[in-house]
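# Coordinate analysis (summary)
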Amino acid sequence: MRFETICVLGLGYIGLPTASIFASNGLKVTGVDVNERILTSLRQGEPHIEEPGLRALVQAALASGNLSIAAQPKPADAFLIAVPTPVREDKGADLSAVTTAAESIVPHLRRGNLVVLESTSPPRTTVDVVAPIVERSGLRAGADFHLAYSPERVLPGQILRELVENARVIGGIDSASSEAGRDLYSAFVRGEIVLTDATTAEMVKLMENTYRDISIAAANEFSRLAERFGIDVWEAIAIANRHPRIKILRPGPGVGGHCISVDPWFLVESAPEITPLIRQARLVNDGQPAFAAGLIERSLGGLRGRTIAALGLAYKPDVDDLRESPAIDVARQLAMGGAQVKTFDPYAVEAAVPGCTAAPSLDAALKDAEAIVLLVDHRAFVDLDPMQVAASMPGRVAVDTRGRWDRARWAGAGFRLHVLGAGESHG
Ligand code: SAJ
């Protein structure tokens, strides 16, 4: 099948790069979003998200005339749904953006079109939710139009490279739909394209992120055990990982982002009685900010009235994404415990955490600080020179929740460094 025109619904972390890459590969792309503010800034060539290379790609796609930005879809050969599927307060999947996007396609759908859902969704969403909505057009999925699920699996910070190079899973509701999906994505995908059915493709995506969540939960629980038994979890992991079949991940202050901390709930919600492990891993990781805050409290001998410089708010290094960030949770808990917390994140300088002060610079955060706490391992923070830090703050307590700071160097600069998961005799 040949595709000349596509509509991408949702211009967020996935939709915008995907729309731009299709456009730069010669397709005529209409990028659709419901947020007026996003549309306005995109029309001026300014993406609303920070991702290496994205700005230049979007601007080139707009300048070529192949990418246009719109508030409503219009007729096209293919429709891609890449809208958010957040988790509700009760941990159920909020599919309202998916259903709204699917409804908006209905008036424009024509015989022979392809509809692809990319949003991470609970098993059977393509078949049970999207198909019946799009069929309100009077056309039948499979018989009259193609329908597939194709999950995005790219890592924020490396989206543009991974979109092209990663293996791509395409799950059609029938084999003709899978093949139509392959024809579409082969416009830019250089990785292997693997065809399967829609529900398997949905499960693949959820299994990947759930597996990673469980692995990190194990690492986090090991860090608690290490502190209990007075050993250094980082040393223990490094030794264990010399085993040819072991790859333990890194403990930290918790798991954030809009994917790994959310997706496992879609499986728990779909089948709570057979997912105790998945649920428990989520709870372990959600409890890790409190564990990190406890370490900081012990390092300072209490929180009330203490002045803390908290470094980093993003959910992981070198991104500006604050969604579900454990660093924010830790800072909030420190403030609730009575500490005066000054946060600083070079990627989100103005981000405000309840009860904390957003410092405009590292120096402003360090001034008056009794303790410096590494919450996010942004490169610039990992590379800090402890001598310079010592010259900028009065206190000599340092807490590393990411296992990144060189202990000898920090000790050499006069700090008492406490590392998450390093038992007292190693702290
Ligand atoms: N983290 C740890 N220890 C580790 C690794 C990560 O505590 O050893 C924490 C990070 O600090 C962060 C969270 O986990 O808070 C998630 O970060 P991440 O880098 O593991 O993953 P994401 O959420 O940025 O992207 C994931 C990726 N999925 C997998 O690696 C299986 C990505 O490929 C997906 O496309 C993305 O989710 C998504 O959109 O679903």
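What counts, and where the lines are drawn
- Residues numbered from 1 in each chain as written.
- Predicted model: local features only at pLDDT ≥ 70, side-chain atom pairs only at ≥ 80, totals over all residues.
- Heavy atoms only, no water.
- Core = buried A, V, L, I, M, F, W, Y, C linked by side-chain atoms within 4.5 Å.
- Buried < 20%, exposed > 50% of the residue type's maximum accessible area, 1.4 Å probe, protein only.
- Helix = DSSP H or I, 4+ residues; strand = E, 2+ residues; numbered from the N terminus.
- Contact = heavy atoms within 4.5 Å.
- Phe/Tyr/Trp six-rings, centres within 6.5 Å; stacked < 30°, edge-to-face > 60°.
- Lys NZ or Arg CZ within 6 Å of the ring centre and 35° of its normal.
- Salt bridge = Lys/Arg side-chain N within 4 Å of Asp/Glu carboxyl O.
- Domains from an automatic or database assignment.
- Buried area = accessible area lost by both parts, 1.4 Å probe.
- Polar contact = N/O pair within 3.5 Å; in protein donor to acceptor, adjacent residues only side chain to side chain.
- Nonpolar A, V, L, I, M, F, W, Y, C, P; charged D, E, K, R; others polar.

## As for the nonpolar core
Within the largest apolar cluster, 38 residues are counted, with the highest numbers of intra-cluster contacts made by Ile6, Phe22, Val29, Leu184 and Tyr185. Take this core: its biggest share by element is five residues, from helix H1 (residues 15–24). Not counting the four nearest positions on each side in its chain, Phe22 is found in contact with Ile6, Leu27, Val29, Leu80, Leu184, Tyr185, Ala187 and Phe188. Grouped together as the second largest cluster of nonpolar side chains are 36 residues, Cys7, Leu9, Val106 and Leu139 included.

## Digging into the packing of aromatic side chains
Ring pairs (aromatic) are described by centroid distance and by the angle formed between their planes. Scanning the entire structure with this criterion turns up six aromatic pairs. Within the aromatic cluster, the residues linked to one another by ring pairs are Phe22, Tyr185 and Phe188. If you follow Arg224 out to its NZ or CZ, it ends over the ring of Phe291, 5.7 Å from the centre.

## Concerning the pattern of salt bridges
For the structure on display, the rule yields 23 salt bridges. Its salt-bridge partner being Glu208, residue Arg153 comes within 2.5 Å of it at the nearest N-O pair. With Arg153 in the loop between strand E6 (146–149) and helix H6 (159–165) and Glu208 in helix H8 (residues 198–229), this pair connects stretches of sequence that are 55 residues apart. For Glu208, a relative accessible area of 29% corresponds to the partly exposed category. Residue Asp321 is joined to Arg323 by a salt bridge in which the shortest nitrogen-to-oxygen separation is 3.0 Å. In this structure Asp321 comes out as buried when scored by relative accessible area, which is 3%. Here Arg323 falls in the partly exposed class, since its relative accessible area comes to 32%. Sharing partners across several salt bridges, the network here consists of Asp213, Arg282 and Asp286.

## Quick notes on the domain arrangement of the chain
Per the domain assignment, the segments of the chain are domain 1 (5–191) and domain 2 (221–419). The centre of domain 1, based on its C-alpha atoms, is set 35 Å off from the matching centre of domain 2. Between domain 1 and domain 2, the contact holds 16 residues from the first and 13 residues from the second. Carbon and sulfur atoms supply 63% of the area that domain 1 and domain 2 bury against each other, a total of about 1,200 Å² over both sides. The largest share of the area that domain 1 buries against domain 2 comes from Tyr13, Lys91 and Pro156, three residues that together contribute 39% of it. At the boundary of domain 1 with domain 2, the tally comes to zero salt bridges. For the pair domain 1 and domain 2, the interface holds one residue pair in polar contact (both at pLDDT 80 or more). Residues belonging to the side of domain 1 that touches domain 2 are distributed by class as follows: eight nonpolar, five polar and three charged.

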